[in-house]
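# Architecture at a glance
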Amino acid sequence: MKKKSSVLNILVFTLILCGCSKDKETQASYIDKPIDTNLEFWITQRVTLKEMEDKGCTYLPGWMGADEYLDSRYESDTSGSMAIAPDIHVTYLVSGYPDTLDDSAITRIEITDPSITVYGLTLESSETEIRERMNDVADSFSKDDSYFMFNIDNCSFMFSLEKITISVPVTNNSGVIY
């Protein structure tokens, strides 16, 4: 009888693990880095904090449960009590992905530099150029008075006059409190 109970427990545990793994897979999106971008890192790219620093990126404090880095092409503003990004910049947010307790990945990219390209588009691209190019790769599109939003799988690409933001949602299944 004890043997049947042990086998049943192992079977239930295995099914739970499979269920958790399947849930994670459906939440995670991994998009290949396009050839027509000049970003150092790409959304959902696995990175370590050491890799970010080795590339010459500057740590920007201020987050809980995530780390923000300024792309190596820019100098941080250190005139205040902590380093901040200059007006023209690229920053990368690094956190666990797809869940906060998973390995670190780039989960948000903010671009205010008009020389940076994403799918060949820049802050200076016209509405028509943005829609034509992103409609080729995106699953969905929405528009607001101040931005265009495209989704590729679970990744959001937001184009506004001031910035391009690329992001993915991160879950907190364990209820980590920072």
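Refer to the preceding data block for the structure.
Everything in this summary refers to the structure shown in the same document.

Here the focus is the packing of aromatic side chains. Here the structure, examined in full by the defined rule, presents nine aromatic pairs. When the centroid spacing of 5.2 Å and the interplanar angle of 80° are considered together, the rings of Phe 41 and Tyr 92 count as edge-to-face. Highlighted residues: Phe 41 in the loop between α1 (2–27) and α2 (49–54) and Tyr 92 in strand β3 (residues 90–96), separated in sequence by 51 residues. Owing to a relative accessible area of 3%, Phe 41 belongs among the buried residues under this scheme. Ring plane angle 40° and centroid distance 6.1 Å describe the contact between Trp 42 and Phe 157, whose orientation is recorded as tilted. Here Trp 42, found in the loop between α1 and α2, pairs with Phe 157, found in strand β7 (residues 155–160); they are 115 residues apart in sequence, far enough to count as distant. Both residues of the pair, Trp 42 and Phe 157, belong to the buried class. In this structure, Lys 55 is placed above the aromatic ring of Phe 41, and the distance from its NZ or CZ to the ring centre is 5.9 Å.

Our next topic: the pairing of strand β6 (residues 147–152). Relative to β6, strand β5 (residues 140–143) runs antiparallel, the two sharing four bridges. Paired with Lys 143 across the bridge in β6 is Phe 148. Hairpin remark: β5 followed by β6, antiparallel, with three residues in the connecting loop. The pairing of β6 with β7 spans six bridges and is classified as antiparallel. Bridge pairing in β7 links Phe 148 to Phe 159. As consecutive antiparallel partners, β6 and β7 are separated by two residues, and within that stretch Asp 153 has a phi angle of approximately 55°, a positive value.

Basis of the calculations
Residues numbered from 1 in each chain as written. Predicted model: local features only at pLDDT ≥ 70, side-chain atom pairs only at ≥ 80, totals over all residues. Heavy atoms only, no water. Phe/Tyr/Trp six-rings, centres within 6.5 Å; stacked < 30°, edge-to-face > 60°. Helix = DSSP H or I, 4+ residues; strand = E, 2+ residues; numbered from the N terminus. Buried < 20%, exposed > 50% of the residue type's maximum accessible area, 1.4 Å probe, protein only. Lys NZ or Arg CZ within 6 Å of the ring centre and 35° of its normal. Pairing = 2+ DSSP bridges.

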